[in-house]
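Topology and contacts: notes
Here's the letter readout for the chains.
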Amino acid sequence: MALFCDVALAVPLDMVFTYAIPPGMEPAVGGRVLVPFRQQRLSGIVVELHDRPPQIKIKKVIEALDVAPVLDEQLLKLGKWIADYYLAPVGEVFRTMLPLSVEFKRSITYHITDEGRMALHLAGMSGSPARSKRTPEQQLIEFRVLDYLAERESVRERNLRTATQVSNALLSGMVRKKWIAREDVSAARDAARLAKVAVLRSMDMKVASISESNARVPSTSKFNNNQRTLLETLAAAGGRVPVEALRGLDVPRTTLGTLVRRGVIELVDEPQDFTASKLKPRQSPFEFEFSAAQENALAKIGDAVTSRKFAGLLLHGITGSGKTAVYLACMRQVLEQGRSSILLVPEIGLTPAVAADLHQVFGDEVAILHSGLSDGERAEQWHRIRRGEARVVAGTRSAVFAPVSDLALIIVDEEQDSSYKQEETPRYHARDVAVMRAKMAGAVVALGSATPSLESYYNAKKNKYALVELPDRVEKRPLPEVEIVDMRQEFQETGQEQVISRKLAEEIRERLEKREQVMVLLNRRGYSPVVLCRACGKTLQCKNCAVSMTHHKRERKMECHYCGHIERIPEKCAHCGSEYVYFVGTGSEKLEELLHGMFPQARIGRLDRDTVRGREDFEHALNALNEGALDMLVGTQMIAKGHDIHGVTLVGVVGADMALGLPDFRAAERTFQLLTQVAGRAGRGQYPGKVILQTYFQDHYAVQFAARHDFAGFYDKELQFRAWMHYPPYSAIANVLIRSEKLDEALTWSGELGRWFEKTRHEGIRVLGPAAAPIMRLKRDYRYHFILKSPSREKMNALLRAMLAEASARKIPRTQVIVDVDAVWLM
Ligand code: ADP
Ligand code: ZN
Ligand code: ZN
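Residues numbered from 1 in each chain as written. Chains lettered and ligands numbered in written order. Predicted model: local features only at pLDDT ≥ 70, side-chain atom pairs only at ≥ 80, totals over all residues. Heavy atoms only, no water.

**A closer look at the sheet that holds strand β33 (residues 766-778)**
Hydrogen bonds along the backbone pair up the strands of a sheet, which may run parallel or antiparallel. Note the following rule: Strands qualify as paired when DSSP identifies two bridges or more between them. Secondary structure elements are defined from DSSP: runs of H or I of at least 4 residues count as helices, runs of E of at least 2 residues count as strands, and each element is numbered from the N terminus. Each axis is a line fitted through C-alpha atoms, taken for helices only over the stretch in contact, and angles between the N-to-C directions span 0 to 180 degrees. Here, two residues are considered to be in contact whenever any of their heavy atoms come within 4.5 Å of each other.
Read from one edge of the open sheet, four strands run β33-β34-β32-β35, paired in antiparallel fashion. At either margin of the open sheet sits one strand with a lone partner, and together these are β33 and β35 (817-821). Each strand axis lies, on average, 20 degrees off the axis of its neighbour in the sheet, ignoring direction. As defined by bridge partners, strand β32 (residues 732-740) adjoins β35 across five bridges and the pair is classed as antiparallel. Considered in β35, the bridge of Val736 is made with Val819. Contacts between helix α23 (residues 743-759) and the sheet are confined to β32, β33 and β34 (781-790), with β34 contributing the most and set at about 20 degrees to the helix.

Here you go:
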């Protein structure tokens, strides 16, 4: 038996902590233990068991929480790799990997036992608890705890401590004496968020086709009319419908009960969103014949999986080429082999439509992890996956850590999407972690995109990944024609600043007359982005950030889009008192209003973070468009990604090139991707699409190549630029941000580190800075930064590590020095 264990705790310190293991306790490597840390108890992951006595006096493990590891060997190794690669404290990495904090965070409760009551009773008679080796003060506290618990059913640990001032050691002692019992209440889940869903059980059993609907339902002769209505509805919706939705049918309530008793229908609990609820019945994802390119992609990925060796593939398929069907088919193959797969999708990509497809193909075998889950639901899904009940996992960023066994395939959809990068510690990139996880597991990783990142495309060109292309849209639909409107010229010709060009207005009118649908993109929410004083020229800035506040008209407020700070709408200039305050510029809210004014008959919806509060709203707007209840959808980049709505024949881009003015080397790449994505929404049905692209940067190559759907052209040009400027993929980069609420602290620290960088030898690494960050103040912090670039990642990380040690020696708090390896945002 080991005497000591090293524990990774989720604290911002780059180290693990050694604790003594009390006799009889058997913690597992990869399992959780509860340990005292400063004034708290924390749960941490055991990373090593050993017998090396530490130099200093150490504390004891309070409790081993798991008998078996919660992080298997591979995930432990992956976590250590992340800590190393992204210079993140390993305990914080593990916390991110395990969605189980809910199980310990203040969810421990205590209650008194019969023995405890007896002890209390005896103490009451003799004046102190019986048979105790404690000091009188300790006995008094024990007495207080028992007394407190005796009057209550169960008490949370935190409350108990506040009420009685009991220490860790005393509490544990009392548990050991069996006077009180500790309980982990994580199991209690918020049932409110679960919905009952009716699932058709016999889809594959005795099935008979109903010619009309093309749906498959159990041979219906044995059922009465009501039962048949219910079954047919269920079948048409893909076999699962929330019970709530079935209530709308003109069928007695008892019918469902009867069918459940007969075993035809099963009722299951499911997280509320993501049931296929209000979705129209969809075509099965496999009802069509795969194109040759799809077959080829499926075969390439399938072969790689069968070889059981690591392989990376880049699936470059233009918008509308049918990538999703390929993903699903690959995952189905994997499942048929009894192995596991993970599908990663961007934050916004996990639409109800995708979820419905997944449910339809995989039924209960799929676990869907999305940001709408509560902590309890997330933990529950984690356990389901871990128990092997769900071998298909789909989810956003952190799903890359899903504890599946026998991992065969990870698919990263829209691999260029910036939501894969976590913008807090650990600042990992889920795509890159997916590649590493696949490597460690001997699995296959497939990165899919219509607009791959330069990094991935470069890796494919260098044969690190196999390139698989889907060069055509399904059913030979053409890509939309893109027409550029130069807004400077529009200004000269009309004599005023236009939001909607004459050309775009004309095209919209035409579509509306033909009853076709339109999407209009303006990648900026709110009504007006700037409030300007005409007297003194000052703008209204956020008091926490160096950015201007955005006017939101309907909600009658000014809002900072960076920190969320809200203010009243100013009537006078805050600087000079003048009344000449003007609202300048246009956001999506104003665009919607303008379009209403121009097309009063049109039914217009808006999709941005102000109108979409939850998934419901998102689903609602897209369904409305899909069903033809809307003629036009206005919105930010939310409208650009992934949606497959066949009635849209015109996409207007009112503003998507703002990023080109920002000091960020990825600006061109991002703009190209956004333009390509949004253009890809047009013409996905039977009629060809058209795109009107308004821009102030009409000569910019990102705009020009996007208009020509010329990915390779853009890629070559952009690569040249990256090579000249020593940017990724030619150099690894890291952003080191120094922040403090006090300006002089931020200045002093960055100055000190600047001088340290100067006198440190670091061959082959460029260090730029210190410089004020482009957004110099954010969420109250003043910010300075360094940018490091190097062709050698090892050297760069070694220097960063030395820098962190230096910062620590200079007593700069670890939380104020942010190291962002492979930074995606340099703002
Ligand atoms: P992508 O993700 O590549 O933009 P999707 O996977 O969303 O494209 O597919 C676009 C549409 O084409 C979807 O409605 C899908 O059901 C349909 N589809 C996919 N493959 C085929 C095919 N081989 N034949 C006909 N339709 C297809
Ligand atoms: Zn003023
Ligand atoms: Zn702010």
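Right, picking up where we left off after that structure.
**A look at the nonpolar core**
Proteins that are soluble and globular tend to have nonpolar side chains buried together. The cut-off we apply is this: We call a set of buried Ala, Val, Leu, Ile, Met, Phe, Trp, Tyr and Cys residues a nonpolar core when their side-chain atoms join them within 4.5 Å. Each residue's exposure class comes from its accessible area (1.4 Å probe, protein chains only) as a fraction of the maximum for that residue type: buried when under 20%, exposed when over 50%, partly exposed otherwise.
Among the nonpolar cores identified, the biggest contains 117 residues, and Leu344, Leu788, Leu800 and Met803 are the most heavily contacted of them. Looking at which element gives the most residues to this core, the answer is helix α1 (residues 73-85), with seven residues. With residues up to four places along the chain from it excluded, the contact list for Leu344 reads Gly395, Thr396, Arg397, Ala399, Val400, Ile410, Ile411, Val412, Asp413, Tyr420, Ala430 and Ala434. Grouped together as the second largest cluster of nonpolar side chains are 36 residues, Leu343, Leu358, Ile411 and Val468 included.

**Observations concerning the environment of Ala163**
Secondary-structure assignment places Ala163 in helix α5 (residues 157-164). What makes Ala163 partly exposed here is its relative accessible area of 34%. Here the alpha-carbon distance between Ala163 and Lys177, two residues 14 residues apart in the chain, equals 21 Å.

**A few points about the environment of Thr351**
Following the sequence through the fold, Thr351 ends up in the loop between β15 (340-344) and α12 (352-362). Accessibility expressed as a relative area gives 9% for Thr351, which makes it buried. With 322 residues separating them in the primary sequence, Thr351 and Gln673 have C-alpha atoms 20 Å apart.

**Some points on the coordination of the zinc ion (ligand 2)**
Here is the rule we go by: For Na, K and Ca the donor cut-off is 3.2 Å, and for all other metals it is 2.8 Å, counting N, O and S atoms only; because water is absent from this set, sites may look incomplete. Key to geometry: four donors with every angle between 85 and 135 degrees are tetrahedral; four donors are square planar and six octahedral where opposite donors lie over 155 degrees apart and all remaining angles lie between 65 and 115; all other sites are irregular.
Ligation of the zinc ion (ligand 2) by protein atoms is provided by Cys533 (SG), Cys536 (SG), Cys573 (SG) and Cys576 (SG), these donors lying 2.2 to 2.4 Å from the ion. Relative to the metal, the four donor atoms surrounding the zinc ion (ligand 2) lie at angles of 106 to 114 degrees, and the coordination shape comes out tetrahedral. Linear spacing of the donor residues for the zinc ion (ligand 2) on their chain is C-x2-C-x36-C-x2-C. One end of the pair, Cys536, is in the loop between β23 (530-533) and β24 (550-552); the other, Cys573, is in the loop between β26 (566-567) and β27 (581-584), and 37 residues separate them in sequence. Of the residues examined, Cys536 reaches a relative accessible area of 33% and is grouped as partly exposed. A relative accessible area of 7% means that Cys573 is categorised as buried.

**Quick look at the site of ligand 1**
Defined as follows: By convention in this text, a residue qualifies as near a molecule or strand provided that one of its non-hydrogen atoms is within 4 Å of it. Polar contacts, as used here, are pairs of N or O atoms within 3.5 Å; protein pairs need one atom able to donate a hydrogen and one able to accept it. Residues neighboring in sequence count only if both atoms are side-chain atoms. Values of accessible area rely on a 1.4 Å probe in the Shrake-Rupley scheme; residue burial ignores everything except the protein chains shown. Under the grouping applied here, Gly and all other residues not named as nonpolar or charged are polar, the nonpolar ones being Ala, Val, Leu, Ile, Met, Phe, Trp, Tyr, Cys and Pro and the charged ones Asp, Glu, Lys and Arg.
Around ligand 1 sit 17 residues, and of these Glu289, Gln294, Gly320, Lys323 and Asp644 come closest. At 2.8 Å from a nitrogen atom of ligand 1 is found a main-chain nitrogen or oxygen belonging to Glu289. Within the backbone of Gly322, an N or O atom sits 3.1 Å from an oxygen atom of ligand 1. About the coverage of ligand 1: the protein hides 85% of its 560 Å² of free accessible area. Broken down by class, the residue content of the shell around ligand 1 amounts to four nonpolar, eight polar and five charged.

**A closer look at helix α13 (residues 375-386)**
Formally: Helix span is expected to be 1.5 Å times the residue number reduced by one.
In a regular helix each residue adds 1.5 Å, so 12 residues correspond to 16 Å; α13 covers 16 Å between its end C-alpha atoms and thus fits that length. Looking one or two places after α13, you find Gly388, whose phi comes out positive at around 85 degrees.

**Some words on the pattern of salt bridges**
Under the convention used in this document: Put simply, a salt bridge is a Lys or Arg side-chain nitrogen that is within 4 Å of an Asp or Glu carboxyl oxygen.
Going through the model one piece at a time under the given rule, you end up with 49 salt bridges. Across the pair Arg511 and Glu507 runs a salt bridge, and its minimum N-O distance is 2.5 Å. Linking Arg511 with Glu507, this pair stays in helix α17 (residues 502-513), spanning four residues, or about one helical turn. Accessibility classification places Arg511 together with Glu507 in one group, the buried group. Residues Lys742 and Glu745 are paired through a salt bridge, measuring 3.9 Å at the closest nitrogen-oxygen approach.

**Some remarks on the sheet that holds strand β22 (residues 517-522)**
The six strands lie next to each other as β21-β31-β30-β22-β29-β28, forming an open sheet whose pairing is parallel. Lying at the two open borders of the sheet, with one neighbouring strand each, are β21 (481-486) and β28 (604-607). Here the average twist between neighbouring strands, direction ignored, is 15 degrees. Relative to strand β29 (residues 632-635), β22 runs parallel, the two being bridged by four bridges. Each bridged residue has a counterpart across the sheet, and for Val520 the counterpart in β29 is Val634. Against the sheet, helix α18 (residues 588-598) contacts β22, β28, β29 and β30 (648-655), and its axis sits at roughly 175 degrees relative to β28. Together, β22, β30 and β31 (690-695) form the strand contacts of helix α20 (residues 667-679), whose direction differs from that of β30 by roughly 155 degrees.

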